[in-house]
Amino acid sequence: MPQFRFTAHTALAALGVAAVALLAGGSATLPDGRPTPTGLDVPRWISLKSSQVRARRGPGLDYEILWEYRAAGLPVQVIAETRHWRKVCDPEGSVAWIHRSVASGRRHVFNTSAQEVAIRAGRSETAAVRARLRPHSLVSMDACEDGWCRVRARKLTGWVAQGSVFGTQARAQCNAARPAGPAPR
C-alpha cells in the first residue's frame, strides 16, 4: 500500500470535511460518543464501488474474509469506523468490515422485498406510477423529503416511499457491537 504523505492541502481538505459535517448539523460521533476518525456521521449510508468487495471479520487485511459482495452500488450503512475501515450493515442484517477504498458516498436504494416498488411521478401514493423497481434491484437516490425519496435510473426520475426500500433509514439498522458474520437464517 502506498505511503500517505500529510501536506498542507490534505490538512485543509480534512478541515473542510469537518466543517461541512458541523455545518450540516451532524454530530460526527460514534455510538459510544467518541468523535469519528473521518469527521462524518455514524450511522451513515454509503454504497459499494465495485462488484467484488471483500467483507472481513475485523478492520485489517489480516482478518478473515467472511464473504464477498458482488453488487456494485449496494447500499450499506456505516455503523462504526476506523481511519481506513468501515464496519457496515448490509440489507440482510449482516455486519462486516470493508476498506474505505471500495466505498462510495453516492447513494443508492435496494428493494429487499419480493414485491415490486412503485416509482411515482410525485410524492404521493396517488401520483402516477412511472416505473416499478423489481425485487432485489438497485436504483440511484438523490434525496429524501417528507417520507419520499427521489430516485434515478438512466433518464427516468421519480419518487419511492422511503420505508419501501433499504438505504434510507435514519436509525442504525444493525447493532455496532454485534459480532461480524452472516445473519442467522
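Predicted model, so just to flag it, every value in this text is computed and none were measured.

Scoring rules and cut-offs
- Residues numbered from 1 in each chain as written.
- Predicted model: local features only at pLDDT ≥ 70, side-chain atom pairs only at ≥ 80, totals over all residues.
- Heavy atoms only, no water.
- Core = buried A, V, L, I, M, F, W, Y, C linked by side-chain atoms within 4.5 Å.
- Buried < 20%, exposed > 50% of the residue type's maximum accessible area, 1.4 Å probe, protein only.
- Helix = DSSP H or I, 4+ residues; strand = E, 2+ residues; numbered from the N terminus.
- Contact = heavy atoms within 4.5 Å.
- pLDDT = per-residue confidence, 0-100.
- Salt bridge = Lys/Arg side-chain N within 4 Å of Asp/Glu carboxyl O.

Asks: Explain the nonpolar core here, please?
Replies: One broad rule of soluble globular proteins: the nonpolar side chains tend to lie buried together. Formed by 19 residues in total, the largest nonpolar core has its most connected members in Ile46, Leu48, Tyr69, Val88 and Ile98. If you list the elements that add at least two residues to this core, you get β1 (44-48), β2 (53-56), β3 (65-69), β4 (75-81) and β6 (95-99). Here Tyr69 is in contact with Leu48, Ser51, Gln52, Val53, Ala55, Leu74, Val88, Asp90 and Ile98, once residues within four sequence places are set aside. If you look at the next biggest cluster of nonpolar residues, it comprises 10 residues, including Ile119, Val139, Cys149 and Val151.

Asks: When you look at the confidence of the model for the chain in this model, what are you seeing that I'm missing?
Replies: Low-confidence regions, as indicated by low pLDDT, have predicted coordinates that should not be scrutinised in detail. The share of residues in the chain with pLDDT of 70 or more is 79%, and the mean pLDDT across the chain is 83. Predicted confidence is poor over residues 1-26, with pLDDT under 50, and the contacts of this stretch with residues over four places away or in other chains come to 10 contacts.

Asks: What is the right way to look at the pattern of salt bridges in this model?
Replies: Where charged atoms of side chains with opposite charge meet at close range, the side chains can pair. Following the criterion strictly, the structure yields 11 salt bridges and no others. Between Asp146 and Arg123 there is a salt bridge, with the nearest N and O atoms lying 3.8 Å from each other. In this pair, Asp146 is assigned in the loop between β11 (138-145) and β12 (148-153) and Arg123 in the loop between β9 (117-120) and β10 (129-133), connecting sequence segments 23 residues apart. With its nearest N and O atoms 2.6 Å apart, the salt bridge here joins Arg152 to Asp142.

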